[in-house]
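Chain by chain, the residues:
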Amino acid sequence: MSKFNKKSSIFALSAIAMFGLPAMAQSIDYGSLEMLFDEPVTTSATGAPQRSTDAPVTMEIISADEIRNSGAVNIPTLLSRLAGVEVQQYGRNFHDVAIRGYNQNKTPRLLVLVNGRQVFQDYYGFTDWDVIPVQLDEIRQIEIVKGPNTALFGFNAVGGVVNIITFNPLYTETNTLRGGVDFNDGVRGSGVATFRPFENTAIRMSAGGQQAQEFEDLPFELRGDPQNEQWAFAAEAGIQATSNTQVFLEGTVSSSIRMERLPSGANIVRDGETTSLRATVTHDGDWGLINATAYRNTQEYLTNPFAPTPSFDVEAGLTVFKVEDLFKVGADHTFRVAGEYRENTLDLILFGNSSSNEYNVFSVGGMWNWAINDQLSSTIAVRSDTMNFEGETIFSTNFGAPEAEREISEISYNAGLVYTPTPRDLFRFQIARGIQTPSLVQLFFSPDVDPSIVNNYAIDYDRQISELNGKMRISVFYQDNQDLFTVANAAFAPGVNIPTGENLGDSELFGVELSFEGRIGNHIDWYASYAINDTTDGDFAQVASYDGLRDILDFEESNLGDQLKAGAVYDDGKWVFGAHARVVPSRQVFDSFDPGDYQYQRVTVDSYVALDMNLSYRLNDDVTLSLDAFDLTNDDDVQVPGGDIDSRVWASVRFTF
Amino acid sequence: MRKSLTALSIIAASMLATVPAHAAGERDLQLIGRALSFVEGGATGNVTLAIVYADDVAGSQAEAESISAILGSGLSAGQVTLQPQLISISDVSGIGSDAALFVPSGMSAHYSAISSAPSITVSTDRACADAGACVVAVQSQPSVEIYVSRSAADARSVSFASAFRMMINEL
């Protein structure tokens, strides 16, 4: 043994003697890293852990503290307060959330995940916020990526990504109990508990639910029961298998019955149940940080469950296997290589006729992050997806046509450059190509439909402003959306119609978002933002109707124009008082009015100001009383045609133990 | 006039040699404690932070004592509690293997001796990491930066969690 090696061995023994306890940091320890770097940490930009300010994408992060002081009782309410995020509500518990325009009923452009597990429902192409099996008290942070990030997350991350990160039971114990009553005849409750049955194992369990009257102006006659119900249960076990290997097992089930509105304009009642099972292994070793995940999601929805004939019942499943390796080469280069296989299946009963179809997707992708110097870093991510679709369509089920087969292959990419000329100033340059794939339902109705392509170009400028004790951000972006599609009903005679989901055309969006946030004294946090959208549509195809062709898309009129949002939260340790307002401009959308006829007409949704306020008092370290009010200034205003919004006030109590 | 400028230059050079570029504060020390948690093997509990001084570096003993005073009877940072101990540069080779060696700024003349210390070496002076004498150097203002000398870490067979490595500056 050489002297050098002998010395190294002595050092190694010394290091082992000093740091001889088991390692606990294979999965990303968001809490410790956030404490270390004094800012939130994310993996939603590139797959690698990064400080939020270093991320090469436009990103917002809502922290657990912000959630706790927000008064919000659901995730869409939290998102509605962010610049460039549009939330429209239909019924008490049905929300459509879009980032940077193109919102519509059951919008397909926003990919939503919980700890990287997709809760976006591929079979239809939408996110059912009501059945996401997560309680607010178990969320560590919500990461919001604005713009496409298909190269990391795959199809459908085109408008943006919302990744909900829960507390890791191995690192954080969360024990809460919360209950509340709504002054309009509603009740809700939730609980989160963490325990350690073994020294190397931690389990977090959560459950929650609510029951409430639907809003007054919704068409109750469809269901015969005005009660809105929702519940969810989740359990996650974290196991420190070895000093550098962790295993996570998770199971969830959730259910909801409520009113919703389809892209076609139909108002329906949905009785749905979702389940999920997931297993994840992470290993930190010589080959870097390796993560292998397998999960299966199922959804079962009954439409208008009180009707004598099933009108649109579905059973859908998603199975995913994915492996990724994150590793660093030298001092400046971080790489991610990943492979994924997914299988989606759909069993559909449409007006009594059963159909089945499915697709699978093979994906490979990679990411390279290069810290060029202390001021400049670049990131390039590329992904290839190949989708194979086969199965029945509306034409094979009803008209004797052969079953359909399709193969769709697409390349997506994200490229970003982050430049920090001074510690206070940061520029972020981004180019991305995102892919929105047709859903199984879309392919059932229109098997020839092509994916939509979203090309995105964006520049951010962030500046820390010491006078505000905060920061400013200005984002300028341009989106080129090609081959947009939606689902609409073509009416061939009064009462005779068929759903269709063809590509309808292109649309461009230029936008600017200006936002400020700061702190006044030690107790008041505030924010304000102003967003401008300028949309230019191409010539959209029209939908057939028995009295001529009719428009079904017009994003120049339906995209929100200028939006102003502002809010502040006072927190002195005992009292918390918050107020959040957003000014939503007028817009035009299409409505079929007569649900059996589908003669689409333009309808104007008037502008409104939505004001939420919350007040809470901490009795002691364990008990907090709250009064939370929503939509105080837009009671009876319409956000989506077909029903008004009612103001709501919740009185709640929250225990921590 | 020329004599005056020369005198001023000597005074300035003397000040640069003796006055620390950046005296460590509590925030810096907490950063060091938290960073130690990401060393493979996971430091937890009480960790002795041996603060080195040199008689021939003016003010270094005073700074060491100042840092020791900040740590007091123990400074909790993440999963570790840092316990102070003053140590002369002549004694670093005999430092206990269960300690971390804190190197104040202005110790460049002794980097060779510091490099021979068997324990992990930490500092608030990036120059120490640049020189390969310190494994970790931290900066808390204007933003948090963590520098790790790969050569110093390799020499001690110290490695860090992969996630940590992806977020710091390796030199």
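Conventions used here
Residues numbered from 1 in each chain as written. Chains lettered and ligands numbered in written order. Predicted model: local features only at pLDDT ≥ 70, side-chain atom pairs only at ≥ 80, totals over all residues. Helix = DSSP H or I, 4+ residues; strand = E, 2+ residues; numbered from the N terminus. Buried ≥ 20, exposed ≤ 12 C-beta atoms within 10 Å, placed from the backbone. Contact = placed C-beta atoms within 7 Å. Rg over C-alpha atoms; globule rule 2.2 N^0.38 Å. Pairing = 2+ DSSP bridges. Axes fitted to C-alpha atoms, helices over the stretch in contact; angles between N-to-C directions. Core = buried A, V, L, I, M, F, W, Y, C linked by C-beta atoms within 7 Å. pLDDT = per-residue confidence, 0-100. Expected span 1.5 Å × (residues − 1). Arc of directions from axis to C-beta. Parallel < 35°, antiparallel > 145°, perpendicular 65-115°, else oblique. Left-handed = near helix turned anticlockwise from the far one by under 90°. Nonpolar A, V, L, I, M, F, W, Y, C, P; charged D, E, K, R; others polar.

Glancing now at the overall build of chain B. A count of helices and strands for chain B gives 7 helices and 8 strands. A buried classification covers 50% of the 171 residues belonging to chain B. Here the analysis covers contacts within chain B between residues at least 6 apart in sequence; of these, 55% occur between residues at least 24 apart.

Along its length, chain A carries 8 helices and 39 strands. The C-alpha atoms of chain A give 25 Å as radius of gyration, which agrees with the globular expectation for 657 residues (26 Å, within 12%). Along the first, second and third principal axes, the C-alpha atoms of chain A reach 90 × 55 × 50 Å. Out of the 657 residues in chain A, the part that is buried amounts to 49%. Counting contacts in chain A only where the partners sit at least 6 residues apart, residues at least 24 apart contribute 61% of the total.

Turning our attention to the pairing of strand S22 (residues 376-391) of chain A. Residues and elements named next belong to chain A. One ladder, built from 15 bridges, connects strand S21 (residues 353-371) with S22; its direction is antiparallel. Paired with Ser363 across the strands is Asp385, a residue of S22. Connecting the antiparallel pair S21 and S22 is a turn made up of 4 residues. Pairing geometry for S22 and strand S23 (residues 404-422), over 16 bridges, is antiparallel. Paired with Met387 across the strands is Ile408, a residue of S23.

Turning to the sheet that holds strand S7 (residues 145-148) of chain B, a few remarks are in order. Residue and element names in this part refer to chain B. Spatial strand order, S2-S3-S1-S4-S5-S6-S7-S8: 8 strands in an open sheet with mixed pairing. With one partner strand each, in any of the chains shown, strand S2 (75-77) and strand S8 (169-170) form the two edges of the open sheet. Both strand S1 (residues 45-53) and strand S4 (residues 99-103) contribute to a ladder of 4 bridges, which runs parallel. Counted as the bridge partner of Leu49 is Ala100 from S4. Against the sheet, helix H3 (residues 60-71) makes contact with S1, S2, strand S3 (80-88) and S4, and its axis sits at roughly 155° relative to S3, the strand it touches most.

Turning to the environment of B:Asp28, a few remarks are in order. Residue and element names in this part refer to chain B. Inspection of the secondary structure assignment puts Asp28 in helix H2 (residues 26-36). Sequence separation of Asp28 and Gln141 is 113 residues, and the distance between their C-alpha atoms is 9.0 Å. Not counting the four nearest positions on each side in its chain, Asp28 is found in contact with Thr124, Val138 and Ser140.

Core analysis: the largest hydrophobic core is formed by 158 residues, its most contacted members being B:Val52, B:Leu101, B:Phe102, B:Cys134 and B:Val136. For B:Leu101, the residues in contact, after removing those within four places along its chain, are B:Ala50, B:Val52, B:Val92, B:Ile95, B:Ile114, B:Ala117, B:Ser119 and B:Thr121. The next biggest cluster of nonpolar side chains, apart from the first, holds 8 residues, and it includes A:Tyr90, A:Leu262, A:Ala266 and A:Ile268.

A cis amide bond links B:Gln141 to the next residue, B:Pro142, at an omega of -5°. Of note, B:Pro142 is situated in the loop between strand S6 (136-139) and S7. We note that A:Asn115 has phi near 50°; this positive angle belongs to a residue other than glycine. Mapping A:Asn115 onto the fold places it in the loop between strand S6 (110-114) and strand S7 (117-118). A positive phi angle, close to 60°, is found at A:Asp483, a residue other than glycine. With respect to the helices, strands and loops of the structure, A:Asp483 is situated in strand S26 (residues 470-485). By the C-beta count within 10 Å, which is 16 here, A:Asp483 ends up partly exposed.

Glancing now at the confidence of the model for chain B. All names here are of chain B. When pLDDT is averaged along chain B, the result is 81; 84% of the residues meet or exceed 70. Of all helices and strands in chain B, the one with the weakest mean pLDDT is helix H1 (residues 2-18) (43), whereas S7 scores best (92). Reported confidence for the predicted complex is 0.81 by ipTM and 0.90 by pTM.

Residues and elements named next belong to chain A. Strand order in this open sheet of 5 strands is S3-S10-S11-S6-S7, and the pairing throughout is mixed. Taken across any chain shown, the strands that pair with only one partner, and hence form the sheet edges, are strand S3 (58-63) and S7. As judged from the 6 bridges shared by S3 and strand S10 (residues 139-146), these two strands associate in the antiparallel manner. The residue bridging Met59 from the neighbouring strand is Val145, located in S10.

Let us now look at H3(B). Residues and elements named next belong to chain B. Taking 1.5 Å as the rise per residue, H3 with 12 residues should run 16 Å; its terminal C-alpha atoms sit 17 Å apart, in good agreement. Within the sequence span of H3, burial applies to Ser60, Glu63, Ala64, Ile67 and Leu71. When H3 is viewed along its axis, its buried side chains cluster within an angular range of 100° and face the same direction. Packing partners of the buried residues in H3 comprise H2, S1, S2, S3 and S4.

Another aspect to go through is the pairing of S6(A). Residues and elements named next belong to chain A. Most of S6 is tucked away, with 5 of its 5 residues classed as buried. Bridge count between S6 and strand S11 (residues 160-166): 5 bridges; the pairing is parallel. Paired with Val114 across the bridge in S11 is Ile164. Where S6 and S7 come together, 2 bridges link them in antiparallel fashion. Note on S7: the bridge partner recorded for Val114 is Arg117. The antiparallel hairpin formed by S6 and S7 contains 2 residues in its connecting segment, where Asn115 sits at a positive phi of about 50°.

Of all residues in chain A, 93% have pLDDT values of 70 or greater, and the mean over the chain is 89. Low confidence marks residues 1-25 of chain A, where pLDDT is under 50. Its contacts with residues over four positions away, or in another chain, come to 46 contacts.

What follows covers H2(B). Taken across its 11 residues, H2(B) has 9 buried, putting it largely inside the fold. Within the span of H2(B), buried status applies to B:Asp28, B:Leu29, B:Gln30, B:Leu31, B:Ile32, B:Gly33, B:Arg34, B:Ala35 and B:Leu36.

Attention now goes to the packing of helix H2 (residues 30-37) of chain A against H2(B). Orientation of H2(A) relative to H2(B), taken along the N-to-C sense of each, is 150°, at an axis distance of 9 Å. As the angle between them shows, H2(A) and H2(B) are arranged roughly antiparallel. For the pair H2(A) and H2(B), the sense of crossing is left-handed. Residues A:Ser32, A:Met35 and A:Leu36 of H2(A) touch H2(B), and the partners they reach there are B:Leu31, B:Arg34 and B:Ala35. Residues belonging to the contact of H2(A) with H2(B) are distributed by class as follows: 4 nonpolar, 1 polar and 1 charged.

With that out of the way, let us pick up the environment of A:Gln375. Residues and elements named next belong to chain A. Inspection of the secondary structure assignment puts Gln375 in the loop between S21 and S22. In the structure, Gln375 is positioned 51 residues away from Leu426 in sequence and 9.1 Å away in space, judged by C-alpha atoms. Among all residues touching Gln375, those that are not within four sequence positions of it are Tyr419, Thr420 and Pro421.

Before going further, it helps to examine the environment of A:Ala401. All names here are of chain A. Mapped onto the elements, Ala401 comes out in the loop between helix H6 (394-399) and S23. We classify Ala401 as partly exposed; it has 13 C-beta atoms within 10 Å. Along the chain, Ala401 and Leu136 lie 265 residues apart, while their C-alpha atoms are 48 Å from each other. Not counting residues within four places of it along the chain, the set of residues in contact with Ala401 comprises Thr393, Phe395 and Ser396.

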